[in-house]
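The primary structure of each chain is shown beneath.
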Amino acid sequence: MPGSRSAPLFSRRVDGVLLLDKPVGLSSNAALQQAKRRFRAEKAGHTGTLDPLASGLLPICFGEATKFAHMLLDADKTYVAIIRLGTTTTTADAEGEVLQTHDVAITRQEIEAILPRFIGRIIQIPPRYAALKYQGRNYYEYAREGIEIPRPGREVTVRSITLDAWTPPDLSLTIRCGKGTYVRVLAEDIGLALGCGAHLAALRRIETGGLQLSAGCSLETLAGLSDKECDSRLLPLDTLVAPLPRIDLEAIEALHFAQGQAVTRAELPDATYRVYAADAFAGIALAIDGTVRPRRLTAAAVLNQG
């Protein structure tokens, strides 16, 4: 980055959440490292991988936000998937070698008729090319060696599937699903149900845990911004815990909370809460039987305890 936009080599304290629009062809870790360098951040992490084939929303956590990144790991996610009917591949996506091709004579009505069977709690057989472990090795290592291994089915939850477009041989679906769902397996299974085979041609994540891609920005955009403009793109720490119910602490309660001590709130239902002191985000806590115990604290909560 030439001229006044050139970033010094030293790192700095950066706290916040960046909604990154990851491009196709880049791994999540590579995207993370590029964003970290652009912000010159001391510490950074992401909230769950997005395959190189996929594009879209990859929330990046800087500094204190990394303490709460786990909150999005189990969150529902929404994708726009392009499924190509009539062709199966070794990896169930566009990166694999073609296994079979079939003519496609499918109507929109036939597609709409089979989609409901993939909504709700369903069983998926994980793909051969997966990062799951069997006897200490990844599935994809066995697949590359041509070795078949047991791949027990796993229950996943698909909240909704919307047919956006049918332009043979490609159908476009918007899919909202829970943790652990393989969209490429869903593509394969839809092709199997239609009797013509299919693979995942493209995938774009547009939402995760209530965070929207529409508020995101690309690495290319960041490269053209000043440091101040980049920082203005960061969302506050509590962005990651926004769906949790809120507790506001009195001054003495905030002091105890910052010291790792429980506070009493007899009226609270058992749940995980986001906690504030003097309207500043202090961390998250677990309430059980009216006792609220700190789970993760922000540095500001600890420093301000005096």
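Above this note sits the structure.
Below or above, wherever it landed, is the structure these notes cover. (Residues numbered from 1 in each chain as written. Predicted model: local features only at pLDDT ≥ 70, side-chain atom pairs only at ≥ 80, totals over all residues. Heavy atoms only, no water.)

**What to know about the overall build of the protein**
Part 1 of the argument: A tally of helices and strands in the protein yields 8 helices and 18 strands.
Part 2 of the argument: With the C-alpha coordinates of the protein rotated into their principal frame, the extents come out at 70 × 60 × 40 Å.
Part 3 of the argument: Here the protein holds 306 residues, and 47% of them are scored as buried.
Part 4 of the argument: Considering only residue pairs separated by 6 or more positions, the protein has 68% of its internal contacts joining residues 24 or more positions apart.
Part 5 of the argument: About 15,200 Å² of surface is accessible on the protein, with carbon and sulfur atoms providing 51% of the total.
Part 6 of the argument: If you average the places of the 35 positive and of the 34 negative side-chain charges in the protein, the two averages end up 4 Å apart. (Helix = DSSP H or I, 4+ residues; strand = E, 2+ residues; numbered from the N terminus. Buried < 20%, exposed > 50% of the residue type's maximum accessible area, 1.4 Å probe, protein only. Contact = heavy atoms within 4.5 Å. Areas by Shrake-Rupley, 256 points an atom, 1.4 Å probe, with all protein chains shown as cover. Lys, Arg positive; Asp, Glu negative; His and termini not counted. Charge placed at Lys NZ, Arg CZ, Asp CG, Glu CD.)

**Digging into the layout of surface pockets**
Part 1 of the argument: Its boundaries defined by the atoms lining it, the largest pocket holds a volume of some 1,100 Å³.
Part 2 of the argument: Around the largest pocket, the lining comprises 36 residues; the ones closest to its centre are Thr 49, Leu 50, Asp 51, Tyr 182 and Arg 184.
Part 3 of the argument: Mapped by element, the contributors of at least two residues to the lining of the largest pocket are helix H1 (28-39), strand S4 (77-85), helix H3 (139-144), helix H4 (183-194) and strand S12 (198-208).
Part 4 of the argument: A per-element tally of the lining of the largest pocket places S12 first, with 3 residues.
Part 5 of the argument: The residue inventory of the lining of the largest pocket, partitioned by class, reads 16 nonpolar, 11 polar and 9 charged.
Part 6 of the argument: In this structure, the second largest pocket occupies an estimated 400 Å³ of space.
Part 7 of the argument: As for the second largest pocket, its lining consists of 22 residues, and the residues nearest its centre are Thr 88, Thr 89, Ala 92, Arg 128 and Glu 188.
Part 8 of the argument: Those elements that provide at least two residues to the lining of the second largest pocket are strand S5 (87-89), strand S6 (98-101) and H4.
Part 9 of the argument: Of the residues forming the lining of the second largest pocket, the biggest block, 5 residues, is contributed by H4. (1 Å grid on protein atoms, 1.4 Å probe; cavity = no way out; pocket = protein on both sides within 12 Å on 5 of 7 lines; lining within 4 Å. Points joined across faces, edges and corners; volume = space filled by probe spheres on them. Nonpolar A, V, L, I, M, F, W, Y, C, P; charged D, E, K, R; others polar.)

**Thoughts on the packing of aromatic side chains**
Part 1 of the argument: Under the definition given, this model contains 3 aromatic pairs.
Part 2 of the argument: When the ring of Phe 39 is compared with that of Phe 62, the centres are 4.8 Å apart and the planes differ by 40°; the resulting orientation is tilted. Of this pair, Phe 39 sits in helix H1 while Phe 62 is found in strand S3 (residues 55-62), placing the two residues 23 residues apart along the sequence.
Part 3 of the argument: Using a relative accessible area of 0% as the deciding quantity, one classes Phe 39 as buried.
Part 4 of the argument: Between the aromatic rings of Phe 68 and Phe 281, the centroid separation amounts to 5.2 Å while the plane-to-plane angle is 55°, which identifies the pairing as tilted. Remark: Phe 281 occurs in strand S17 (residues 280-288) and Phe 68 occurs in the loop between S3 and S4; sequence separation between them is 213 residues. (Phe/Tyr/Trp six-rings, centres within 6.5 Å; stacked < 30°, edge-to-face > 60°.)

**With respect to the sheet that holds strand S18 (residues 291-297)**
Part 1 of the argument: With respect to topology, 5 strands assemble into an open sheet ordered S14-S16-S17-S18-S15, the strand pairing being mixed. Looking along the sheet, the strands with just one partner apiece sit at the ends: strand S14 (246-249) and strand S15 (263-264).
Part 2 of the argument: Of the strand pairs in this sheet, S17 and S18 are connected by 6 bridges, and their pairing is antiparallel. Bridging across to S18, Gly 283 finds its partner in Leu 297.
Part 3 of the argument: Contacts between helix H7 (residues 251-258) and the sheet are confined to S14, S15, strand S16 (271-277), S17 and S18, with S14 contributing the most and set at about 110° to the helix. (Pairing = 2+ DSSP bridges. Axes fitted to C-alpha atoms, helices over the stretch in contact; angles between N-to-C directions.)

**Comments concerning H7**
Part 1 of the argument: Among all positions in H7, only Glu 253, Ala 254, Phe 257 and Ala 258 are buried. The buried side chains of H7 occupy one side of the element, clustering within an arc of 130° when seen end-on.
Part 2 of the argument: Once H7 finishes, Gly 260 follows within two positions and takes phi at roughly 85°, a positive value. (Arc of directions from axis to C-beta.)

**A look at the pairing of S12**
Part 1 of the argument: Counting buried residues along S12, 8 of its 11 residues qualify, which places the element largely inside the surrounding structure.
Part 2 of the argument: Where S3 lies against S12, 2 bridges are found, and the strand directions are parallel. Looking across to S12, one finds that Gly 56 is bridged to Arg 205.
Part 3 of the argument: Bridge analysis of S4 against S12 gives 9 bridges, and the strand direction is antiparallel. Considered in S12, the bridge of Thr 78 is made with Glu 207.
Part 4 of the argument: A loop of 2 residues connects S12 with strand S13 (residues 211-212), the two strands running antiparallel in sequence, and Gly 209 in this loop sits at a positive phi of about 55°.

**Examining the pattern of salt bridges**
Opposite charge on two side chains allows them to pair when their charged atoms are near.
Part 1 of the argument: One pass over the structure, following the stated rule, counts 16 salt bridges.
Part 2 of the argument: The partner of Asp 231 in a salt bridge is Arg 12, and the shortest N-O contact between them spans 2.8 Å. Pair noted here: Asp 231 is in helix H6 (residues 227-231) and Arg 12 is in the segment before strand S1 (16-22), with a separation of 219 residues, a long-range link.
Part 3 of the argument: Put simply, Lys 67 and Glu 64 hold a salt bridge, and the shortest N to O gap is 3.1 Å.
Part 4 of the argument: Classification of Glu 64 by relative accessible area gives buried; the value is 11%.
Part 5 of the argument: Taken together, the salt bridges that share partners define one network made up of Arg 38, Arg 40 and Asp 227. (Salt bridge = Lys/Arg side-chain N within 4 Å of Asp/Glu carboxyl O.)

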